[in-house]
Amino acid sequence: MHDTTRQSHQQKLIEALEANWRTEMEGTATYRTLADLGADPRRTAVLHQLAEAEARHAERWAGRIRELGGSPPSDSKHTPQRVVISTARAQGLDAALQRIETIEEEHIEAYHAQARSLDDAASVRIIEDLVRDEASHAETLRDLTGFDVDSATPSPSIRASRTRARRDAQMRLDGILQQEKWHVTTGKWIGDAIYGVNDGLTAFFGLVSGVAGYSATGSFVVVAGMAGMLASALSMGASGYLASKAEREVIEAEVA
């Protein structure tokens, strides 16, 4: 019974590593296809280097599969990621590189999750090495995108893709905030509290000080009205500023 459980566990481990192998080979095919689509020799060379790195990742998984007594997948052809290639053809190489940068970051998160679930120290060590490489790949992709060749000015297509990226990020952030209500209510409560306290103190202080300063010679009713108007104006302005400042500081602390 114990041997059967162990074999089942090892088989599941091998299947997980085979999936990792296919993911890396898919990345290899994607980078090679993007390199063929590019016209800039510098980018083409970098993309070929990234493809070779993905192939080395796949070979590490193949080696670990052999060590576990399995056989690496025998797939002879690997299809590049369709969403990346279609983006390259429809929107240009820069937009495709930004898309694959996001995919690289998703791979990092997936590897982190797998490292927590795998009960195999050797495989976890491989994941740790690959995560560092994938993070380096994402940084390389950021260096490749954002500017026209031989120009420091972002192209219209890049500006449009960045706008879409910001919009997508805002949508994801809105979804997070909807699930974690405390992020959007804490700062508001503090802002309202500061606004109310400061408004009350400032208004009455201005009213009292104005009347006290003019009580010897003027009409109490007129002076009280003028002092109240001025005190309220100053109070509202100061309170709005302090409330907004406090709320912003709380929100920045929550984001941090």
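This text follows the structure it describes.
If you're wondering where the values come from, they're calculated on a predicted model, not measured in any experiment. (Residues numbered from 1 in each chain as written. Predicted model: local features only at pLDDT ≥ 70, side-chain atom pairs only at ≥ 80, totals over all residues. Heavy atoms only, no water.)

### A closer look at the packing of helix H2 (residues 41-67) against helix H5 (residues 121-144)
Logical step 1: Where H2 meets H5, the axes come as close as 11 Å, and the angle between the chain directions of the two elements is 170 degrees. Compared by their axis directions, H2 and H5 come out roughly antiparallel. Only Ala122, Ser123, Ile126, Ile127, Asp129, Leu130, Asp133, Glu134, His137, Thr140, Leu141 and Leu144 of H5 make contact with H2, whose side of the interface consists of Arg42, Arg43, Val46, Leu50, Ala53, Glu54, His57, Arg60, Trp61 and Arg64.
Logical step 2: Considering only residue class, the contact of H2 with H5 consists of 10 nonpolar, four polar and eight charged. (Axes fitted to C-alpha atoms, helices over the stretch in contact; angles between N-to-C directions. Helix = DSSP H or I, 4+ residues; strand = E, 2+ residues; numbered from the N terminus. Parallel < 35°, antiparallel > 145°, perpendicular 65-115°, else oblique. Contact = heavy atoms within 4.5 Å. Nonpolar A, V, L, I, M, F, W, Y, C, P; charged D, E, K, R; others polar.)

### A short note on the packing of aromatic side chains
Logical step 1: Within this structure, the stated rule accounts for one aromatic pair.
Logical step 2: A ring pair is formed by Trp61 and Tyr111, whose centres lie 6.1 Å apart and whose planes are at 35 degrees; its orientation type is tilted. Of this pair, Trp61 sits in helix H2 while Tyr111 sits in helix H4 (residues 93-117), and the two are 50 residues apart along the sequence. Tyr111 shares its class with Trp61; the two are buried. (Phe/Tyr/Trp six-rings, centres within 6.5 Å; stacked < 30°, edge-to-face > 60°. Buried < 20%, exposed > 50% of the residue type's maximum accessible area, 1.4 Å probe, protein only.)

### Quick notes on H2
Logical step 1: For H2, which comprises 27 residues, the first-to-last C-alpha distance of 39 Å matches the rise-based estimate of 39 Å (1.5 Å per residue) to within 8%.
Logical step 2: Once H2 finishes, Gly69 follows within two positions and takes phi at roughly 90 degrees, a positive value. (Expected span 1.5 Å × (residues − 1).)

### Concerning the side chain of Thr87
Logical step 1: In this structure, Thr87 sits in helix H3 (residues 82-91).
Logical step 2: Excluding residues that lie within four positions of it along the chain, Thr87 makes contacts with Gly92, Ala95, Ala96 and Arg99.

### Some remarks on the nonpolar core
Side chains that are nonpolar tend, in soluble globular proteins, to be buried together.
Logical step 1: Residues Leu17, Trp21, Trp61, Tyr111, Leu118 and Ile127 are the most contacted members of the largest nonpolar core, which totals 18 residues.
Logical step 2: In contact with Tyr111, other than residues within four places in its own chain, are Asn20, Glu24, Trp61, Ile127, Leu130, Val131 and Glu134.
Logical step 3: Membership of the second largest hydrophobic core comes to 17 residues, among which are Ala35, Ile85, Leu93 and Ala96. (Core = buried A, V, L, I, M, F, W, Y, C linked by side-chain atoms within 4.5 Å.)

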